[in-house]
Structures are given as C-alpha cells and as structure tokens.
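Spelled out, the chains give:
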Amino acid sequence: MPDPYRVAVVGCGIGRSHIVEGYKPQPDKFRVVALCDLDQARLDTVADEFGIERRVADFDAVLAMDDVDIVDVCTPPATHKWMVIAALKAGKHVVCEKPLVGSLRDVDEVMAVERGAMGRLMPIFQYRYGDGAQKAKRILDAGLAGRPFVATAETHWKRTAAYYDNPWRGRWETELGGVLMTHAIHIHDLVTYFMGPVENLFARVATLVNDIEVEDCVSSSWRMANGALVTSSATLGAQTEISRLRFCFENVTFESGLSPYSPADEPWSIQPASPEVAARIEAVLSDHRPVGRRFTGQMADFHARLVAGEPAPVTSADARRALELVTAFYDSASSGRDVTLPIAADHPNYASWRPAA
Ligand SMILES: NC(=O)c1ccc[n+]([C@@H]2O[C@H](COP(=O)([O-])OP(=O)(O)OC[C@H]3O[C@@H](n4cnc5c(N)ncnc54)[C@H](O)[C@@H]3O)[C@@H](O)[C@H]2O)c1
C-alpha cells in the first residue's frame, strides 16, 4: 500500500483547491508528485506555489508515470469520460470532478470499465462533507427521523458575464448543461443522499440571467420513492448567494446553514419532535467524530477506504444517480410532462439530454 498515496492533478483550476484543501493538509495520506495542464503559465504558477517539480501538458505522460497512484481529473466536463477510462485502464485510482460524464450511456460505459479495473473511481461530491450534514445523516441512518414529509433545496448563486469568459462554459457541447448540471448538482446530491431515490419529477428551466446557451434558472417538484415531496429551485442571478436545505421528517426537522459553497458545515438546526427524540439524538451523536470540510473530508474518507480495501465513499453509482436526475429534469422541461425514474436505456435521452439530440 502506498504511504502516502502519490497523486497527479490534471487541470489547475479547481485542481488547485483539491491540493489546498485535500492533499496539502494531509501529507501523511497524499503527496502531489505531478501536475498536468495544457496552459503552461497556469501550470507553472500552481506548480511553483506548491513546489511540484514534475509538470506536463500531455495526459498520456501522466498515465505513463509508474509512481502515480491516483489521477485526479479536474479538467472541463467534456474531457472527463476519456480521461477517466484511460486512467482506469492504466491501473490508476481515479478521482474525477463533477459532472462525471455527460449522459447515462457514458456513465454506464465508464462503470463497465470500472468493473474490470484494478483502481477505484471516486467522483467528487465534496458538499457532503461537514459536521452539520454528517450529523443529520447519522440521525437518519440510525432510524430516528421517522416518516419523511417534505424537503426544500435552494441553490441561489451569482454568476456574471466574467464567469462565462471561459471557452468551455455556457455551451452544451463543452459544459454539458447549466445551473442544473454545474451548480445545483451538489445540492441535489445532498437531497438524494438524505432521502434516497427520486420516483417522479416535474421541472422548468430557463435562461434568464446570462447570455448563454444553457439554462441558468430552474424550478422543480419531485416525489421521492420514500413518499416525501421535494421542491428545488436554482438560479445564477441571486444577489446574496446561498445554498439551503430543509428536511421535515415525522420526528425531526433539519435545516442547513446558508453558506453557498459549504452547506454541510455546522451549525445545522436539528429540531426534535419531543424530549424523548432529543435524548435519542444526543445519544447517537455522543461519539460523533468531526469530519473534514469539503475536499479535506472527501479525500480523507477516500484514503481511509483505500487503506481498508473498501469501495470509495462516493461512487460511480452516486454520480449515475445525479446524472439520471439531470436527464429527468431536461426531459420534463422540454416535454412539459412529469417524468418517472428510473430512466431506461431505451429512453430517448439516455444517450444525450442536449437539445440538439
Ligand atoms: N466541485 C466543485 O465545487 C467544482 C467547482 C468548480 C469546478 N468544478 C468542476 O471542475 C472541472 C474544471 O472546472 P474549473 O472551474 O477548474 O475549469 P477551468 O477552466 O478553470 O480549469 C480547467 C483547466 O483544465 C485544463 N485542461 C483542459 N483540457 C485539458 C487537457 N486535455 N489536459 C490537461 N489540462 C487540460 C485547462 O487548461 C484549465 O487550466 C469542471 O468539471 C467543473 O464543473 C467543480
């Protein structure tokens, strides 16, 4: 077992945050030994900042490095599929930014490769990591919450024209979707993390904020397989940015804070229905051990699972569930109808949800 695991980060945008939060603070677990980016100036800036000597523009050169255990794919969405497949075939463990790929067909292709691979694949969903959300999850997993009633999810962020001054953003071909795909995907992952599978949904999407191809406003109504009803809205036109989640169960109501990019952080409001429930919650949380926030927590969890020989803490099945939800959203928005999940392989949007398809 490598000690620490040796990482190559590919893509120096959010890849820099993976280093700052995920790898650099945990030198006993990870060492970044190589950086890859097509943009030489950006590559040098980030490599200089962290004292990383090995710098390459060619992804194949990363795969050829025998001393790289983990390839961390942080490039634009349309590049993920081929990079992940190539890295798995090269025998590497793979971390990949969201969205893992751009369709259900593509994720099924990746999962087929993964089944025969030596390495593990961990898609990024760092919004799960923070003590507020993890405490709520423990209460749910302990069976204390009772029957689920409703949840609301808000992803109200702000993105201006400057954000879209990047060749891959704002276009179906390269971003693969808009606020639903790129931003609300995290908040929606948290809803299904807490409430399980979606059974049916109705959605509307619109492009109202920026002059882009993809949507930047969304509203939706979901029915979960567990019977709960969920409403979610997302926009990139909020003046005050927030992410907010509220879950009402029979025995407890949970509400996140408003931090847009780390809604899992404490404090979460946990409102028990009675003193008896409060006592049981206190007992369940009495041995809660703090988890790291965002990438710190997700990478630490990945390390623990690799060492234990267990599946990654966030799996390709989780990424698939998020992409299935996206497929249902776009189908409902374009057809004007309710869409029932699961989405089968003969669904017209299985291979692509892009409007041109
Ligand atoms: N988890 C999160 O909170 C979060 C936040 C931001 C972005 N992201 C995701 O991370 C990914 C990257 O987003 P970003 O904001 O860092 O984008 P970015 O455009 O800022 O950076 C991407 C980098 O990848 C490099 N690159 C592109 N193609 C390459 C290739 N073939 N080989 C090597 N390098 C290549 C580019 O030169 C660029 O420096 C996207 O999938 C995005 O959705 C996730």
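Relevant structure appears above.
Report on the accompanying structure. The structure presented is a predicted model; accordingly, all values stated were derived computationally and were not measured. (Residues numbered from 1 in each chain as written. Predicted model: local features only at pLDDT ≥ 70, side-chain atom pairs only at ≥ 80, totals over all residues. Heavy atoms only, no water.)

1. What about the environment of Thr 152?
Part 1 of the argument: Along the chain, Thr 152 turns up in strand β7 (residues 148-158).
Part 2 of the argument: Judged by relative accessible area, Thr 152 falls into the partly exposed class, the value being 29%.
Part 3 of the argument: Linking Thr 152 and Cys 248, residues 96 residues apart in sequence, is a C-alpha distance of 9.0 Å. (Helix = DSSP H or I, 4+ residues; strand = E, 2+ residues; numbered from the N terminus. Buried < 20%, exposed > 50% of the residue type's maximum accessible area, 1.4 Å probe, protein only.)

2. Let's talk about the packing of helix α5 (residues 104-115) against helix α12 (residues 316-335)
Part 1 of the argument: Contact geometry of α5 with α12 gives a least axis separation of 9 Å together with a crossing angle of 170°. Viewed along their axes, α5 and α12 adopt a mutual orientation that is roughly antiparallel. Across the interface between the two elements, Leu 104, Val 107, Asp 108, Met 111 and Glu 114 of α5 pack against Ser 316, Ala 317, Arg 320, Leu 323, Glu 324 and Thr 327 of α12.
Part 2 of the argument: Taken together, the residues of the contact of α5 with α12 sort by class into 5 nonpolar, 2 polar and 4 charged. (Axes fitted to C-alpha atoms, helices over the stretch in contact; angles between N-to-C directions. Parallel < 35°, antiparallel > 145°, perpendicular 65-115°, else oblique. Contact = heavy atoms within 4.5 Å. Nonpolar A, V, L, I, M, F, W, Y, C, P; charged D, E, K, R; others polar.)

3. Digging into the site of the ligand
Part 1 of the argument: Every one of the 24 residues lining the ligand counts as a neighbour, but Ile 14, Asp 37, Gln 126, Trp 168 and Arg 169 are closest to it.
Part 2 of the argument: A distance of 2.8 Å separates an oxygen atom of the ligand from a polar atom in the side chain of Arg 42.
Part 3 of the argument: In isolation the ligand has 850 Å² of accessible area, and contact with the protein removes 85% of it.
Part 4 of the argument: Of the residues in the shell around the ligand, the class split is 11 nonpolar, 7 polar and 6 charged. (Near = heavy atom within 4 Å. Polar contact = N/O pair within 3.5 Å; in protein donor to acceptor, adjacent residues only side chain to side chain. Areas by Shrake-Rupley, 256 points an atom, 1.4 Å probe, with all protein chains shown as cover.)

4. Comments concerning the pattern of salt bridges
Part 1 of the argument: With the rule as written, the count across this model stands at 24 salt bridges.
Part 2 of the argument: In this structure, Arg 16 engages Glu 49 in a salt bridge whose closest nitrogen and oxygen atoms are separated by 2.6 Å. Taken together, the residues span a long stretch of sequence, with Arg 16 in helix α1 (residues 14-23) and Glu 49 in helix α2 (residues 40-50) at a distance of 33 residues.
Part 3 of the argument: Asp 265 is paired through a salt bridge with Arg 293; the nearest N and O atoms lie 2.9 Å apart. With Asp 265 in the loop between β12 (252-255) and β13 (269-272) and Arg 293 in the loop between α10 (275-285) and α11 (294-308), the pair connects residues that are 28 residues apart, well separated along the chain.
Part 4 of the argument: Judged by its relative accessible area of 17%, Asp 265 is buried.
Part 5 of the argument: Connected via shared salt-bridge partners are Asp 44, Asp 48 and Arg 55. (Salt bridge = Lys/Arg side-chain N within 4 Å of Asp/Glu carboxyl O.)

5. Considerations on the nonpolar core
Part 1 of the argument: Membership of the largest hydrophobic core comes to 86 residues, with the highest contact counts inside it found for Val 71, Val 84, Phe 194, Trp 222, Phe 247 and Phe 254.
Part 2 of the argument: Both of domain 1 (5-126 + 297-314) and domain 2 (127-291) provide at least three residues apiece to this core.
Part 3 of the argument: With near-sequence residues (within four places) excluded, Val 84 lies in contact with Val 73, Val 94, Cys 96, Leu 100, Val 110 and Leu 121.
Part 4 of the argument: Judged by nonpolar contacts, the second largest core, of 29 residues, contains Cys 12, Phe 30, Val 46 and Tyr 129. (Core = buried A, V, L, I, M, F, W, Y, C linked by side-chain atoms within 4.5 Å. Domains from an automatic or database assignment.)

6. So, unusual backbone geometry
Part 1 of the argument: Here Glu 266 and Pro 267 are connected by a cis peptide whose omega angle stands at 0°.
Part 2 of the argument: Tracing the backbone through its elements, the reader meets Pro 267 in the loop between β12 and β13.
Part 3 of the argument: The step from Leu 341 to Pro 342 runs through a cis peptide bond, and the omega angle for that step is 0°.
Part 4 of the argument: If you check the backbone angles, Leu 176 has positive phi at about 75° while not being a glycine.
Part 5 of the argument: For Leu 176, the position within the fold is in the loop between α7 (172-175) and α8 (179-182).
Part 6 of the argument: Using a relative accessible area of 4% as the deciding quantity, one classes Leu 176 as buried.
Part 7 of the argument: In the Ramachandran plot, Arg 294 falls in the positive-phi region, its phi being about 45° despite a non-glycine side chain.
Part 8 of the argument: Relative to the elements of secondary structure, Arg 294 occurs in helix α11.
Part 9 of the argument: For Arg 294, a relative accessible area of 13% gives the class buried.

7. Quick notes on the sheet that holds strand β3 (residues 54-56)
Part 1 of the argument: Ordered in space as β3-β2-β1-β4-β5-β6, the 6 strands form an open sheet in which the pairing is parallel. Edge positions in the open sheet fall to β3 and β6 (121-123), since each of these has one partner strand only. The sheet shows a mean angle of 25° between the axes of neighbouring strands, taken without regard to direction.
Part 2 of the argument: Note: strand β1 (residues 5-10) against strand β2 (residues 30-36), 6 bridges, orientation parallel. Each bridged residue has a counterpart across the sheet, and for Val 9 the counterpart in β2 is Leu 35.
Part 3 of the argument: Here helix α4 (residues 80-89) sits on the sheet in contact with β1, β4 (70-73), β5 (93-96) and β6, set at roughly 165° to β5. (Pairing = 2+ DSSP bridges.)

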